[in-house]
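# Chains, contacts and geometry: an overview
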Amino acid sequence: RPAVEIAIHCGVARQTVHNWIAMYNRSGLDALLGPGKGGRRNQLMNPEEEREFLAPFFELSRKGQIATVAEIKLALEEYVGRRIGHYTIYRFFGQKRMAKIDASSSPHGGQRGSARRV
């Protein structure tokens, strides 16, 4: 069958079909059945390790204490054994739907406030 017809049938671009054919010709069926391009290959830790890492911070939270981003960043760098960027921490929080602090409603003189979900 022509590549255009296969592309329409599969809902992909014609070039994708040509890429698949080239991959198959080079490496056989295993090349097409591999892990693909998406996924979580650049992770700092797997989901179980994340739960283990975050457990002490959630325990602090249950006791009414608040960990700062700087504290969590230092702990994460120690845990993974290398330096990480600040943006990585905020992205990590976003993935975990962590609470943000609203300093305007702080009972601690504007330094800390009520937690709200983001």
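Everything numeric here is computed off the predicted structure, so don't read it as measured data. Position numbers for residues count from 1 along each chain, tracking the sequence in the order it is written. With pLDDT at 70 or above as the cut-off, local features in this predicted model cover only qualifying residues; side-chain atom pairs require 80 or more to be listed or tallied, and sums for whole chains, interfaces and linings still use all residues. With hydrogens and water set aside, each side-chain value is computed from the structure's full complement of heavy atoms.

The helix and strand inventory of the protein stands at six helices and two strands. Note on conventions: DSSP H or I runs of at least 4 residues are helices, E runs of at least 2 residues are strands, and numbering of each starts at the N terminus. Reading the helices (α) and strands (β) of the protein from amino to carboxyl end gives α-α-α-α-α-α-β-β. Relative accessibility thresholds used throughout: buried, under 20% of the residue-type maximum; exposed, over 50%; partly exposed, between the two (1.4 Å probe, protein chains only). Out of the 118 residues in the protein, the part that is buried amounts to 17%. The criterion used for residue contact is that any of the two residues' heavy atoms lie within 4.5 Å. Across the protein, the fraction of contacts at a sequence separation of at least 24, relative to all contacts at a separation of at least 6, is 25%. Exposure was quantified through the Shrake-Rupley algorithm and a 1.4 Å probe, taking into account, for residues, occlusion by the shown protein chains and nothing else. Here the protein displays about 9100 Å² of accessible surface, and carbon together with sulfur accounts for 53% of that area.

Next up on the list: the pattern of salt bridges. Any Lys or Arg side-chain nitrogen located within 4 Å of an Asp or Glu carboxyl oxygen qualifies as a salt bridge. What the rule picks out here adds up to four salt bridges. Across the pair arginine 1 and glutamate 5 runs a salt bridge, and its minimum N-O distance is 3.2 Å. Note on arginine 1: relative accessible area 66%, which makes it exposed. A relative accessible area of 39% means that glutamate 5 is categorised as partly exposed.

Turning next to the nonpolar core. Judged by nonpolar contacts, Met45, Phe53, Leu54, Phe57, Ile72, Leu76, Ile84, Ile89, Phe92 and Phe93 together constitute the single largest core of 10 residues. Setting aside chain neighbours within four positions, we find isoleucine 89 in contact with Val69, Ile72, Lys73, Leu76 and Ile84. Here, nonpolar core refers to any group of buried Ala, Val, Leu, Ile, Met, Phe, Trp, Tyr and Cys residues whose side-chain atoms link them within 4.5 Å.

Here we come to the packing of aromatic side chains. Ring geometry is summarised as follows: Phe, Tyr and Trp rings, the Trp one being its six-membered ring, pair when their centres sit within 6.5 Å, and such pairs are stacked at plane angles under 30 degrees, edge-to-face over 60 and tilted between the two. One pass over the structure, following the stated rule, counts two aromatic pairs. Measuring from ring centre to ring centre gives 5.5 Å for phenylalanine 53 and phenylalanine 57, while their planes differ by 55°; the resulting arrangement is tilted. Taken together, the residues phenylalanine 53 and phenylalanine 57, both in helix 4 (residues 47–62) and four residues apart, mark about one turn of the helix. Residues phenylalanine 53 and phenylalanine 57 agree in their burial class; the two are buried. The structure contains a cluster of three or more aromatic residues connected by ring pairs, namely Phe53, Phe57 and Tyr79.

Residue placement: leucine 32 occurs in helix 3 (residues 29–32). Judged by relative accessible area, leucine 32 falls into the partly exposed class, the value being 36%. Sequence-distant contacts of leucine 32, that is, excluding residues within four places in its chain, are made with Trp20, Met23 and Tyr24.

As a further point, take a nonpolar patch on the surface. Together, Trp20, Tyr24, Leu29, Leu32 and Leu33 give the surface a local cluster of nonpolar side chains, amounting to about 510 Å² of exposed area. If you list the elements that add at least two residues to the nonpolar patch, you get helix 2 (14–27) and helix 3. Relative to the assigned elements, leucine 29 resides in helix 3. Like-charged residues are merged into a patch within 9 Å and nonpolar side chains (Val, Leu, Ile, Met, Phe, Trp, Tyr) within 5 Å, provided each residue has over 30% relative accessible area and no salt bridge.

A word on the confidence of the model for the protein. Predictor confidence is given residue by residue as pLDDT, running from a minimum of 0 to a maximum of 100. In the predicted model, the protein carries a mean pLDDT of 77, and 72% of its residues have values of at least 70. Averaged over each element, pLDDT in the protein is lowest for strand 2 (residues 114–117) (42) and highest for helix 2 (93). Confidence drops under a pLDDT of 50 for residues 100–118, and excluding neighbours within four residues, the segment shows 30 contacts in the predicted structure.

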